[in-house]
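Listed below are the residues making up each chain.
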Amino acid sequence: MEHKVEALLLKGLDLLIEHREPFLKEWKELLPSLKSRNDSLVDEFDSMIEIAFQKVINEKPLRIDSLILSLLTEWQKRFSSKFDENETIFLVTTIENIFHKLAAANPSSNFFDHQAIQAFFARMLDQALLTQDTENLTEKWIKMIMAANILPMKWVAVVKKEQNDFQIDCVVCTKIQETDSHLIEMCSGLKSGEIDHLSLAIKRLMGAGKDDGQILKIPCLNEILLVCLEDSEFDISEQQIEFIRDMYLRQLRLYHLEKKIVWKDASLLFLQHLLCSRNAEDAVKAITKGLVDYMPFNRCALFLYNHYEDTGIGVSGYNVNIPSVQQIKEEVFELSLIQKYLLPLIQSQPLYFANAAEVLPKKYVQEYKLRSLVVLPIFAPSKSRLLGIALLDQGEDSEFVVSSQTLATLIKFGRYAGELMYSIWDEAIQKFGGSDCLLTQREKEVLKLIAKGASINEAAKELHLSSYTVRDYVSVIIQKLAAKNRTDAAVKALKMNLIS
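Residues numbered from 1 in each chain as written. Predicted model: local features only at pLDDT ≥ 70, side-chain atom pairs only at ≥ 80, totals over all residues. Heavy atoms only, no water.

Novice: Explain the layout of surface pockets residue by residue, including any values.
Specialist: Here the idea is plain: a probe the size of a water molecule rolls over the atoms and shows the empty space left. The volume enclosed by the second largest pocket comes to roughly 620 Å³. Contributing to the lining of the second largest pocket are 33 residues, with Phe-303, Leu-335, Leu-337, Ile-389 and Leu-391 lying nearest its centre. Those elements that provide at least two residues to the lining of the second largest pocket are β6 (299-306), α13 (336-346) and β11 (385-393). Ranked by the residues each element gives to the lining of the second largest pocket, the list is headed by β11, at 8 residues. (1 Å grid on protein atoms, 1.4 Å probe; cavity = no way out; pocket = protein on both sides within 12 Å on 5 of 7 lines; lining within 4 Å. Points joined across faces, edges and corners; volume = space filled by probe spheres on them. Helix = DSSP H or I, 4+ residues; strand = E, 2+ residues; numbered from the N terminus.)

Structure below.
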């Protein structure tokens, strides 16, 4: 199974290389608008994209996890290892969606191409974001390293790089090095532009003289271990240093693996849940219930975008009053949410708001007693189409925060839901979007005859109209139904029950 997953990831990487030139062209065109959000982070991404393509081209054979970890290490060397998680998710999904768009434009591409691209970027987000969520376990891991007695240690400090500074995350002492807990607390959080200054500060606070104690610096991905030895003359081998580094990284990887299993299980359960849907009504119920059952939320309301009328329509909910949700119909481009955040939404980025009143009309905030809120785009990556949004919270008047891993996993949920909704889109719009008013009575009469195989002239004769008038009707019908031609329009209308 592992080989099959690796093969899928490598296929995704091959597709990225194949579309390199058109991707770089689109990326450069997007840069000005992206820089208006976060100029420095976009510049870092721009540099890393070039480095990534060079690594892929020059380093053979490739393993995906090794490639991603090497890129993270390169990032740490060049830039800050601490980054804005929401902006990072947005930029990664923006890049991914460019590749989906390019793949969709290729006549020979198929669903598995999109699946391979999605798998590659999902793995990248997993590797990048999980490293940001290990603080509570760090001290435990350091104590395990000390207990292994590889070297005679006094203390170990974990240092993280933030922007242009180094910051002490925690300091752990051995039993031999008895130190006042207040002094250890004073060490945690210290910052300096030079890591050697932090080493000196810890030594002095821990009671050692300025020149006493040998300190090792051991890089471990996004962190550096400062290890103070009991004996300044102790002879240290490269094998011992590598053993300490490997122990730390092994714990980090095990933690990542456990977290991945939890989130992947949730994603798979949600997908299984969706596959039981038989029609549009089943689908919207499955999406709203699944987002509550398999993610840390208590309420969900689902809205679809009726592109015929440029309106957002309420279609279903879970743990909310469904009839009241279904009464909601808003001009999409009048909403503050769309005006301010359309770009991230069409890039399938979930958005968290501490205060729902920032983006939703006051009447809905009051009616549903909304506080904190997550907005999840329902997005079909294979078609690059935003079909709607799901609003998620933890109940009436509930304030909450969400982790980076929750947001990253929600991308998968929104895309699974998007592909399902796209497959039944005509039926969904007919059922929930008021599509019975899309066509006038005369347009329906024309389309019925076309569906029966009548030519333009035959339909004109039957309806006592000129052929020019009927041709105009057919053009309007094709435009309204977003059809390829009149035959496609007839098929769509039959599926949507606009004609019988």
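What follows picks up the thread again.
Novice: Summarise empty space enclosed by the protein; cite the residues concerned and give the values.
Specialist: The tally for this structure, following the rule as stated, stands at 3 cavities of 30 Å³ or more. By volume, the largest cavity is sized at about 500 Å³. As for the largest cavity, its lining consists of 26 residues, of which Phe-45, Met-48, Ala-52, Leu-71 and Met-124 are closest to the centre. Those elements giving two or more residues to the lining of the largest cavity turn out to be α1 (2-18), α3 (39-58), α4 (64-78), α5 (85-104) and α6 (111-130).

Novice: Kindly report on the pairing of β11, identifying the contributing residues and their values.
Specialist: Among the 9 residues that make up β11, 7 are buried, leaving the element largely enclosed by the rest of the structure. In this structure, β6 lies alongside β11, joined through 6 bridges in antiparallel fashion. Along β11, the bridge assignment pairs Arg-299 with Asp-393. Where strand β10 (residues 373-380) lies against β11, 7 bridges are found, and the strand directions are antiparallel. Within β11, the residue paired with Val-375 across the bridge is Leu-391. In sequence, β10 turns back onto β11 through a hairpin of 4 residues, with Ser-384 there showing a positive phi of about 55 degrees. (Buried < 20%, exposed > 50% of the residue type's maximum accessible area, 1.4 Å probe, protein only. Pairing = 2+ DSSP bridges.)

Novice: Now, about α3: what can you tell me, with residues and values included?
Specialist: Note: α-helices contain 3.6 residues per turn, so residues at a spacing of three or four share the same orientation. For α3, which comprises 20 residues, the first-to-last C-alpha distance of 29 Å matches the rise-based estimate of 28 Å (1.5 Å per residue) to within 8%. Within the sequence span of α3, burial applies to Leu-41, Val-42, Glu-44, Phe-45, Asp-46, Met-48, Ile-49, Ile-51, Ala-52, Phe-53, Lys-55 and Val-56. (Expected span 1.5 Å × (residues − 1).)

Novice: Give a description of the pairing of β10 that names residues and reports values.
Specialist: The buried fraction of β10 is high, at 8 of 8 residues. Burial of the side chains of β10 extends over both faces: Leu-373, Val-375, Pro-377 and Phe-379 are buried on one face and Val-374, Leu-376, Ile-378 and Ala-380 on the other. The pairing of strand β9 (residues 351-353) with β10 spans 3 bridges and is antiparallel. In the sheet register, Leu-351 faces β10, and the bridge partner there is Val-375.

Novice: Describe the sheet that holds β9, with residues and values.
Specialist: Pairing is antiparallel across the open sheet formed by 6 strands, whose spatial order is β8-β7-β6-β11-β10-β9. Bordering the open sheet on either side are β8 (329-331) and β9, each of which pairs with just one other strand. Mean inter-strand twist for the sheet, computed between neighbouring axes without regard to direction, equals 25 degrees. Pairing of strand β7 (residues 311-318) with β8, which is carried by 3 bridges, proceeds in the antiparallel orientation. Residue pairing for β8: Gly-312 is matched across the bridge by Glu-330. (Axes fitted to C-alpha atoms, helices over the stretch in contact; angles between N-to-C directions.)

Novice: Account for a nonpolar patch on the surface, with residues named and values stated.
Specialist: Among the surface-exposed residues, Phe-333, Leu-342 and Ile-346 lie close enough to one another that they form a single nonpolar patch of about 240 Å² accessible area. Among the residues examined, Ile-346 registers a relative accessible area of 37% and is labelled partly exposed. (Patch = residues over 30% accessible without salt bridge, like charges linked within 9 Å, V, L, I, M, F, W, Y side chains within 5 Å. Areas by Shrake-Rupley, 256 points an atom, 1.4 Å probe, with all protein chains shown as cover. Salt bridge = Lys/Arg side-chain N within 4 Å of Asp/Glu carboxyl O.)

Novice: Lay out the packing of helix α11 (residues 280-293) against helix α16 (residues 425-432) in plain terms, naming residues and giving numbers.
Specialist: Running from N to C, α11 and α16 cross one another at 90 degrees; their axes reach a closest spacing of 9 Å. Between α11 and α16, the interaxial angle falls into the category roughly perpendicular. Between α11 and α16, the residues in contact are Ala-280, Glu-281 and Val-284 and Glu-427, Ala-428, Lys-431 and Phe-432, respectively. Of the residues contributing to the contact of α11 with α16, the split by class is 4 nonpolar, no polar and 3 charged. (Parallel < 35°, antiparallel > 145°, perpendicular 65-115°, else oblique. Contact = heavy atoms within 4.5 Å. Nonpolar A, V, L, I, M, F, W, Y, C, P; charged D, E, K, R; others polar.)

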